[in-house]
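Single-letter residue listing:
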Amino acid sequence: MASHSKKRSTKAGLPPGTLVHIGKKKNVTPRIILLDYDDNGVRESEITVADLADGTRFAHGIKWISVHGLGDTHMMEQIGACFDLHPLVLEDIFNTEQRSKLEDYGNYLYVVLKTFSYEYNETGERIDSDQISLVLGKNFVLSFLEADSTQFGSVRERLHAGKGQIRKLGADFLMYSLIDSIVDSYFVILEQLDEKTEALETELVARPQPSTLHSIYRLKREGVFLRKSLWPLREVISSLQRGDSPLFTRNTLLYLRDVYDHIIHIIESVESLRDLTAGMLDIYVSSVSYRISIVMKVLTVITTIFMPLTLIAGIYGMNFKHLPGLDSELGFFVVLGIMATISVGMLALFRWKKWL
Amino acid sequence: MASHSKKRSTKAGLPPGTLVHIGKKKNVTPRIILLDYDDNGVRESEITVADLADGTRFAHGIKWISVHGLGDTHMMEQIGACFDLHPLVLEDIFNTEQRSKLEDYGNYLYVVLKTFSYEYNETGERIDSDQISLVLGKNFVLSFLEADSTQFGSVRERLHAGKGQIRKLGADFLMYSLIDSIVDSYFVILEQLDEKTEALETELVARPQPSTLHSIYRLKREGVFLRKSLWPLREVISSLQRGDSPLFTRNTLLYLRDVYDHIIHIIESVESLRDLTAGMLDIYVSSVSYRISIVMKVLTVITTIFMPLTLIAGIYGMNFKHLPGLDSELGFFVVLGIMATISVGMLALFRWKKWL
Amino acid sequence: MASHSKKRSTKAGLPPGTLVHIGKKKNVTPRIILLDYDDNGVRESEITVADLADGTRFAHGIKWISVHGLGDTHMMEQIGACFDLHPLVLEDIFNTEQRSKLEDYGNYLYVVLKTFSYEYNETGERIDSDQISLVLGKNFVLSFLEADSTQFGSVRERLHAGKGQIRKLGADFLMYSLIDSIVDSYFVILEQLDEKTEALETELVARPQPSTLHSIYRLKREGVFLRKSLWPLREVISSLQRGDSPLFTRNTLLYLRDVYDHIIHIIESVESLRDLTAGMLDIYVSSVSYRISIVMKVLTVITTIFMPLTLIAGIYGMNFKHLPGLDSELGFFVVLGIMATISVGMLALFRWKKWL
Amino acid sequence: MASHSKKRSTKAGLPPGTLVHIGKKKNVTPRIILLDYDDNGVRESEITVADLADGTRFAHGIKWISVHGLGDTHMMEQIGACFDLHPLVLEDIFNTEQRSKLEDYGNYLYVVLKTFSYEYNETGERIDSDQISLVLGKNFVLSFLEADSTQFGSVRERLHAGKGQIRKLGADFLMYSLIDSIVDSYFVILEQLDEKTEALETELVARPQPSTLHSIYRLKREGVFLRKSLWPLREVISSLQRGDSPLFTRNTLLYLRDVYDHIIHIIESVESLRDLTAGMLDIYVSSVSYRISIVMKVLTVITTIFMPLTLIAGIYGMNFKHLPGLDSELGFFVVLGIMATISVGMLALFRWKKWL
Amino acid sequence: MASHSKKRSTKAGLPPGTLVHIGKKKNVTPRIILLDYDDNGVRESEITVADLADGTRFAHGIKWISVHGLGDTHMMEQIGACFDLHPLVLEDIFNTEQRSKLEDYGNYLYVVLKTFSYEYNETGERIDSDQISLVLGKNFVLSFLEADSTQFGSVRERLHAGKGQIRKLGADFLMYSLIDSIVDSYFVILEQLDEKTEALETELVARPQPSTLHSIYRLKREGVFLRKSLWPLREVISSLQRGDSPLFTRNTLLYLRDVYDHIIHIIESVESLRDLTAGMLDIYVSSVSYRISIVMKVLTVITTIFMPLTLIAGIYGMNFKHLPGLDSELGFFVVLGIMATISVGMLALFRWKKWL
């Protein structure tokens with residue numbers, strides 16, 4: 001995580017509202033995609049900032065302006081001017097290391113959300129988060145993505161297809177659809193976590209290894225990261241579904257209540273992950289201890305059986321002139337017999353003590 | 001659990017209100033059972049969706065329509081139309097991976113509850129949950145079960161028998177009776193958990209084994225699962241018994257307060273399970289450590305007794321020409337005597353040190 | 001605990017208000033004891049249910065009807081009818097596996113409390129709980145005990161003696177006195193727990209054994225059980241002392257505030273027990289580990305000293321013709337000298353390394 | 001703690017308001033010290049109960065009556081009568097095993113506080129708590145101390161010296177000064193705890209021993225005890241500084257807010273002690289485990305080096321007639337050379353494996 | 001920490017408002033720097049206390065008086081008189097061992113904040129905290145720093161440069177800028193903690209050592225210290241951004257909301273540190289246990305292979321006259337062959353058991 005927030009402290013001392021990109025910078029040329037629609041039709045086109053100011057460009061009532069890539073601060077300032085956004089909103093869009101949050105600026109709402117994906121590099125996989133900023137106004141929605149992702153593909157398709165109520169309802173329903181599509185994407189991560197958990201549990205029972213331990217720790221770390229990221233989201237959605245803002249109609253609030261239930265479900269699953277990883281760590285430690293006790297027993301059994309035999313051999317190896325039985329023809333076999341008897345007796349004793 | 005929620009992410013991107021069955025699908029042909037009653041009588045019959053729309057079918061005042069099996073989305077849409085249910089309610093009935101919840105749609109209440117049962121498969125037993133959706137309207141109750149279960153058998157019997165107040169009171173009392181029958185069924189699971197806990201405690205004291213460890217973890221996991229499932233239920237019942245909805249009469253609220261007490265009692269029992277499994281894990285680890293220390297002592301005693309004896313035998317096995325006592329007739333026995341003395345001394349020392 | 005709640009699930013499916021005894025049934029013939037008093041005098045007598053209905057039986061203003069033993073459901077129904085109790089109250093009196101609770105039925109208050117005592121059986125001692133139900137009306141108090149206990153002996157004595165204000169004040173003060181006598185009895189259990197804790201701490205320092213471990217777990221379990229039982233009590237007394245019910249006069253509320261302080265004090269003591277048992281478990285585990293490390297050192301020291309000596313003896317036991325010193329008269333003593341030097345050097349090394 | 005609360009249960013069954021001394025009884029003859037003052041002057045004198053009733057004894061406006069020692073129940077009853085104290089207040093003053101609390105009796109406030117000090121006995125030191133009861137009336141403050149302590153010495157000096165505002169302001173400012181002097185005394189204990197913590201941390205790094213473990217547990221126990229004692233205090237001061245009682249002027253409330261900050265600071269320090277002792281326990285356990293692993297390695301290295309050498313010596317000690325090299329003059333040195341090579345190779349291997 | 005709060009208890013007994021420096025005293029000669037500005041210009045000058053009282057010294061509307069170094073109590077009293085500060089404010093400025101806090105004195109706000117920095121000494125590094133006191137009045141801000149730090153350098157530069165809104169807005173915006181610059185400085189510490197965490201995680205996987213353990217504990221301790229220090233800050237900023245004080249304009253409140261988000265982000269990061277250090281400790285312990293089990297296996301394998309071989313050698317070393325094979329020419333090689341077979345068999349067995 002250190003590599004992420006590194007640039008955060010570089011901003012200390014700058015006046016508020018300064019547009020500085022914080023977090024990992026994705027190298028994407030920013031694109032602006034406009035989608036305007038009403039019940040009668042939809043039009044999608046890639047536009048420039050200049051087009052935004054030109055009102056005659058809009059054929060339909062509700063506008064969805066989607067910005068892909070955050071590289072161009074100048075362009076952002078123009079967009080900000082077009083929609084009368086507060087300087088802090090622009091600053092926050094560029095700061096991709098933020099918590100999810102909801103800010104009500106009266107005539108528009110500013111919402112910061114996170115999407116998660118597994119990213120694979122040389123040291124293994126880790127959960128990476130992208131930030132999505134959404135602005136909801138009276139008849140427009142602005143969405144700002146860090147990269148040219150397909151996050152909102154399904155919403156675009158539904159708009160084009162005109163399926164369901166989406167084209168009949170206002171910008172607030174579009175806003176809901178975007179948030180819902182983000183929250184739905186969390187289930188993918190959750191299912192991956194569940195699979196990992198099950199795989200680890202199986203590994204723990206079958207054959208725990210040091211790598212199992214590190215996998216448990218990584219799982220724990222991912223849980224910590226997700227919990228930290230999802231808790232503020234809970235507040236955001238909770239506050240939206242309470243209907244504090246007049247921008248949302250009562251009908252849309254019912255749908256937001258549903259999203260809220262999903263987010264609670266997700267958070268509770270992540271919370272139980274915490275308990276489960278703690279339990280798995282305990283089991284790992286116990287298994288290692290148990291294996292030590294098994295090895296110890298083997299060692300003790302071996303030592304206990306061979307030490308007396310070796311002593312007997314040593315005794316008959318002493319160079320005393322007068323040692324009973326040395327000259328007897330059966331002496332050797334008698335001693336071997338004694339040795340065998342001792343071994344068998346020991347084994348019986350250990351079996352009786354349930355050590356074998 | 002992974003296998004359960006797998007299908008959840010498949011739904012991402014679909015418009016809200018799309019009826020997709022989420023969770024394990026039970027292969028049951030859906031049946032609709034109508035039970036209408038008032039103080040004078042009861043009638044129970046299996047009906048089709050078409051019958052529902054036909055008002056003349058109802059002989060008595062209060063209707064309980066019970067749907068067993070969720071396979072048929074078309075049928076569900078018709079039922080939704082009959083009782084004017086919101087599309088989100090229908091969507092939620094099909095999503096069997098939800099949290100318990102209560103939603104107030106003004107003229108009806110939608111309640112999602114869970115039932116639990118132990119399910120046995122090749123990898124051992126696990127707690128499985130079924131979802132039950134209940135809708136309470138002015139004079140009707142709808143219940144949607146995943147399968148053709150006997151969950152509400154006792155309520156049906158009481159309706160037929162006319163025992164108690166159930167036929168004298170309204171649909172809200174029927175709703176209470178259904179919820180009460182579900183909450184009562186939790187005590188069965190709770191008692192099984194208690195029995196397992198006691199069995200494990202006995203096993204821990206008598207003879208802890210690796211399988212004990214895995215049993216503790218499974219118990220912990222079941223506790224985590226139940227806690228996660230029961231907490232939202234607490235909110236549901238709490239909100240019901242506060243009487244926020246006018247659909248419940250004051251008389252029924254007294255009964256709901258009783259159900260609320262039961263659910264709190266159940267949650268507290270599950271919460272203490274958490275403490276107990278943590279304690280059991282600690283004891284298991286300690287027991288293994290203790291056994292290691294016992295084995296270590298045996299090993300050390302054996303080594304400490306035999307090593308000096310073997311050394312003495314080795315010394316008298318050296319091939320020096322001039323070795324005192326080799327020629328003496330008693331030499332051998334003197335050495336054996338020394339060995340015996342050392343052994344006895346060692347044993348006395350260990351006994352005095354409380355190692356034996 | 002399993003044996004206690006076993007019968008709970010047997011009740012599933014019965015209509016609410018059905019009187020079924022849940023929990024361990026004490027074999028006592030129910031007795032009803034009436035105590036009526038005012039400032040002028042007291043009268044105590046054992047009565048039948050029939051006497052209750054007969055109003056002329058009461059010589060004084062305030063009535064305390066105490067039922068010992070819950071065996072007779074028919075009798076209870078008659079008592080319920082006499083004092084106009086809700087069916088749920090009667091059901092709850094019989095269900096002795098409940099949480100402490102307070103229910104306000106308008107013209108009377110229903111309070112469920114618990115008393116605790118140590119019970120000894122073949123598997124050791126355990127905390128057992130009895131349930132006491134209290135009903136406070138305008139000028140009467142009903143108390144229902146599971147068995148013929150002496151719980152309220154001191155209150156009866158004070159009533160007879162007329163000491164203090166008890167006879168001058170109303171039924172609410174009698175109610176307070178009964179609750180106070182129950183809460184006071186908790187201090188006995190608390191002191192026993194404190195003594196056990198101290199004994200265990202001493203044992204841990206002096207000579208930890210596997211039985212110590214099981215004692216700690218038992219203590220923990222008792223703490224879990226008491227915490228679970230006492231938390232709802234806190235709510236009950238808190239709600240009483242807030243004065244929500246008009247049945248309590250302001251004067252009595254001052255006394256209830258005092259009881260509330262006691263119950264908080266008791267709960268906090270039980271809570272710290274949790275921290276202490278956790279700490280004791282840690283110490284036990286550490287002690288065992290430490291003892292293992294001591295045994296390991298002894299073993300290593302023995303092995304390290306004897307192995308080189310045995311090797312030297314072995315070398316001079318080899319059958320080579322040409323082995324330097326074999327023929328020398330001093331050879332044997334030189335080798336013994338070398339052995340002694342090695343031993344002393346090793347011992348010095350270990351002492352310097354602080355292993356001995 | 002057991003020894004403290006022992007007498008608590010002896011009180012069960014007595015009517016409320018009975019004056020019974022609970023807790024360790026300090027053998028002090030009770031003394032009453034009167035300090036009356038206003039802006040013009042101060043007078044301090046030791047008085048009897050009879051003097052209290054005699055109003056002409058007071059030369060100045062504000063009275064501070066300080067009772068040292070709680071032995072005399074009769075005297076207390078007279079003081080109670082003088083100032084019209086509720087019987088429960090008198091009872092609570094004698095019960096020195098209480099939680100800190102604030103009770104508002106309308107025309108006076110009753111506050112119970114605790115002071116802490118280390119007490120040394122044969123089994124080591126422990127934190128002991130004394131109880132101080134304060135009563136604030138319109139123009140008087142009563143303070144009840146268990147023993148003849150110097151707790152309020154600094155306040156008396158300030159009154160005599162007339163420094164600061166203390167003589168210019170009312171009884172509420174005197175009350176604040178007394179509370180402030182108690183809270184200030186907690187910093188002494190806190191600093192002792194901090195020193196112990198640092199000492200233990202140093203010991204843990206340098207040379208952990210079983211006694212370290214018991215010191216950590218004692219520290220933990222002291223933290224548990226202090227937390228339990230200080231939490232109710234937080235509520236008391238919080239409630240005072242909110243200004244619920246008209247006895248406090250706005251000016252004094254500012255000062256109480258300051259005391260509240262101090263108490264929060266103290267509680268937070270005690271809370272972090274909990275985390276630190278938990279961490280120390282973990283380190284202790286880890287250190288012991290680590291030392292075991294070191295000892296194990298030494299043992300294994302010794303065994304692994306000497307066992308093959310001993311075997312070789314044993315092989316050349318066999319009594320076969322035809323054993324290659326026995327007759328060779330160099331045979332012995334070749335075998336010694338092989339032994340040396342094996343030893344060096346083993347040592348190199350272990351060094352390469354980082355075991356040495 | 002002990003060394004810090006040591007002087008706290010020395011203050012016990014002094015009247016409130018006494019100016020005593022608490023905490024480590026930095027040896028700095030106090031300097032007063034005045035910065036007055038409005039939209040038209042800025043002037044910065046070092047002044048004396050006497051200048052403060054002389055109103056004609058101020059050229060511009062908004063004054064920022066910055067005091068560097070707290071050594072001079074007399075000077076502070078004069079400043080206090082100039083701006084009519086409460087004695088408790090002056091006392092708190094000198095007590096540098098306080099929690100962050102906000103106090104509203106009606107016509108001015110008093111805010112205590114903390115800055116953190118790593119300090120290196122002979123026993124290693126530790127987090128050190130400095131205290132900054134801020135007073136916001138109608139058109140002035142007072143800042144009190146313990147030493148002559150560069151904390152507010154960037155704000156001064158922005159004032160001089162006139163960049164952004166800072167010179168156009170009131171004293172409340174200056175106050176916000178100062179708080180923001182402090183909160184921004186926390187990200188530096190946070191990033192250092194993140195780097196340490198990553199370094200420790202790498203060390204844990206690669207080669208855990210006792211020093212790793214102590215680093216984890218130090219990290220934990222730093223987390224505990226920061227959490228304790230940052231929680232009260234959260235309350236301070238939360239209370240500021242709620243806009244309880246009329247000194248803040250609505251515009252500035254938007255900016256404070258942003259600072260509040262930052263502080264929450266920081267606290268959440270510190271909180272997850274707690275989980276991570278706990279997880280790291282567990283891994284360390286497990287790694288050590290695992291290494292023990294590896295060493296144990298090696299030891300057991302060595303012992304198990306060599307013991308039977310040594311016994312065989314011992315048997316053929318016995319001095320029996322009649323020992324089969326001694327005279328055979330191949331006898332020696334047969335025995336060696338048996339030894340080799342046993343070794344290979346043992347190795348195969350261990351490999352099959354996955355011990356090697």
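Residues numbered from 1 in each chain as written. Chains lettered and ligands numbered in written order. Predicted model: local features only at pLDDT ≥ 70, side-chain atom pairs only at ≥ 80, totals over all residues. Heavy atoms only, no water.

What follows covers a negative patch on the surface. On the surface, a cluster of negative charge is contributed by Asp282(A), Asp282(B), Asp282(C), Asp282(D) and Asp282(E). Its place among the elements puts Asp282(D) in helix 8 (residues 250-315). Judged by relative accessible area, which is 35%, Asp282(D) ranks as partly exposed. (Patch = residues over 30% accessible without salt bridge, like charges linked within 9 Å, V, L, I, M, F, W, Y side chains within 5 Å. Areas by Shrake-Rupley, 256 points an atom, 1.4 Å probe, with all protein chains shown as cover. Salt bridge = Lys/Arg side-chain N within 4 Å of Asp/Glu carboxyl O. Lys, Arg positive; Asp, Glu negative; His and termini not counted. Charge placed at Lys NZ, Arg CZ, Asp CG, Glu CD. Helix = DSSP H or I, 4+ residues; strand = E, 2+ residues; numbered from the N terminus. Buried < 20%, exposed > 50% of the residue type's maximum accessible area, 1.4 Å probe, protein only.)

This part takes up the sheet that holds strand 1 (residues 31-38) of chain B. Residues and elements named next belong to chain B. Pairing is mixed in the open sheet, where seven strands are placed in the order 2-1-3-7-6-5-4. The two strands at the open ends of the sheet, each matched to only one other strand, are strand 2 (41-47) and strand 4 (101-104). Taken pair by pair, the neighbouring strands of this sheet meet at an average axis angle of 20°, ignoring direction. One ladder, built from seven bridges, connects strand 1 with strand 2; its direction is antiparallel. The residue bridging Ile-33 from the neighbouring strand is Glu-46, located in strand 2. (Pairing = 2+ DSSP bridges. Axes fitted to C-alpha atoms, helices over the stretch in contact; angles between N-to-C directions.)

A word on the packing of aromatic side chains. Within the structure shown, the criterion is met by 51 aromatic pairs over all chains. When the centroid spacing of 6.0 Å and the interplanar angle of 65° are considered together, the rings of Trp64(D) and Phe152(D) count as edge-to-face. Of this pair, Trp64(D) sits in strand 3 (residues 62-68) while Phe152(D) is found in the loop between strand 7 (140-145) and helix 5 (153-161), placing the two residues 88 residues apart along the sequence. Trp64(D) sits in the buried class, given a relative accessible area of 2%. Residue classification places Phe152(D) among the buried residues on the basis of a relative accessible area of 5%. For the ring pair Phe173(E) and Tyr176(E), a centre distance of 5.2 Å and an interplane angle of 55° mean the geometry is tilted. Residue Phe173(E) and its partner Tyr176(E) are located together in helix 6 (residues 171-206), separated by three residues, close to a single helical turn. Just as Phe173(E) is buried, Tyr176(E) falls in that class too. Taken together through their ring pairs, the aromatic side chains of Tyr316(A), Phe332(A), Phe333(A) and Phe320(E) make up a single cluster. Over the ring of Tyr105(B) we find Arg257(A), and its NZ or CZ is 5.2 Å from the ring centre. (Phe/Tyr/Trp six-rings, centres within 6.5 Å; stacked < 30°, edge-to-face > 60°. Lys NZ or Arg CZ within 6 Å of the ring centre and 35° of its normal.)

In total, this model carries 90 salt bridges over all chains according to the counting rule given. One salt bridge in this structure joins Lys101(A) and Asp92(A), with 2.6 Å as the shortest N-O distance. Each member of the pair, Lys101(A) as well as Asp92(A), carries the same accessibility label: buried. The salt bridge partner of Arg274(E) is Asp275(D), with a shortest N-O separation of 3.1 Å.

With that settled, consider the relation of the copies chain C and chain D. Rotating chain C by 72° and translating it 0.1 Å along the rotation axis places it on chain D, where the RMSD comes to 0.2 Å. In symmetry terms, the pair is related by a five-fold rotation axis. If distances are taken from each C-alpha of chain C to the rotation axis, the shortest is found for Gly317(C), at 4.6 Å. A share of only 13% of the interface residues of chain C reappears at the interface of chain D, consistent with the copies meeting through non-equivalent patches. (Least-squares fit on C-alpha atoms with pLDDT ≥ 70 in both. Contact = heavy atoms within 4.5 Å.)

Moving on, we get to the domain arrangement of chain A. Examined at the domain level, chain A breaks down into domain 1 (5-287) and domain 2 (316-356). Domain 1 of chain A and domain 2 of chain A are separated by 78 Å when their C-alpha centres are compared. (Domains from an automatic or database assignment.)

The subject of this paragraph is a nonpolar patch on the surface. On the surface, a cluster of nonpolar side chains totalling about 390 Å² of accessible area is made up of Leu330(A), Phe333(A), Val334(A) and Ile338(A). As for its position among the elements, Leu330(A) is in the loop between helix 8 (250-316) and helix 9 (331-352).

All names here are of chain D. Spatial ordering of the open sheet is given by 2-1-3-7-6-5-4, a layout of seven strands whose pairing is mixed. Single-partner strands in this sheet number two, and they are strand 2 (41-47) and strand 4 (101-104). When strand polarity is set aside, the average angle formed by the axes of neighbouring strands in this sheet is 20°. The sheet contact formed by strand 5 (residues 109-121) and strand 6 (residues 124-136) spans 13 bridges and is antiparallel. Bridging from a neighbouring strand, Ser-117 pairs with Asp-128 of strand 6.

The next thing to look at is the interface of chain C and chain D. Reports of interface size often rely on the accessible area that becomes lost once the parts have come together. Contacts between the two partners involve 60 residues from chain C, matched on the other side by 67 residues from chain D. Summed over both sides, the interface of chain C with chain D buries roughly 5800 Å², with 66% coming from carbon and sulfur. The shortest N-O distance in the salt bridge between Asp258(C) and Lys101(D) comes to 3.3 Å. Remark: the boundary between chain C and chain D carries 11 residue pairs in polar contact (both at pLDDT 80 or more). When contributions to the side of chain C that touches chain D are tallied by element, the ones reaching two or more residues are helix 5 (153-161), helix 6 (171-206) and helix 8 (250-315) of chain C. A total of 35 residues in the side of chain C that touches chain D trace back to one element, the largest contributor, which is helix 8 of chain C. Across the side of chain C that touches chain D, the residue classes tally to 25 nonpolar, 19 polar and 16 charged. (Buried area = accessible area lost by both parts, 1.4 Å probe. Polar contact = N/O pair within 3.5 Å; in protein donor to acceptor, adjacent residues only side chain to side chain. Nonpolar A, V, L, I, M, F, W, Y, C, P; charged D, E, K, R; others polar.)

Right, let's talk about the interface of chain E and chain A for a bit. Contact residues are listed per partner, giving 60 residues for chain E and 68 residues for chain A. Roughly 5900 Å² of surface becomes buried between chain E and chain A when both sides are summed, with 66% attributable to carbon and sulfur atoms. At the surface where chain E touches chain A, the tally comes to eight salt bridges. With its nearest N and O atoms 2.6 Å apart, the salt bridge here joins Asp275(E) to Arg227(A). Contributions of two or more residues to the side of chain E that touches chain A are made by helix 5 (153-161), helix 6 and helix 8 (250-315) of chain E. No other element matches the 35 residues that helix 8 of chain E contributes to the side of chain E that touches chain A.

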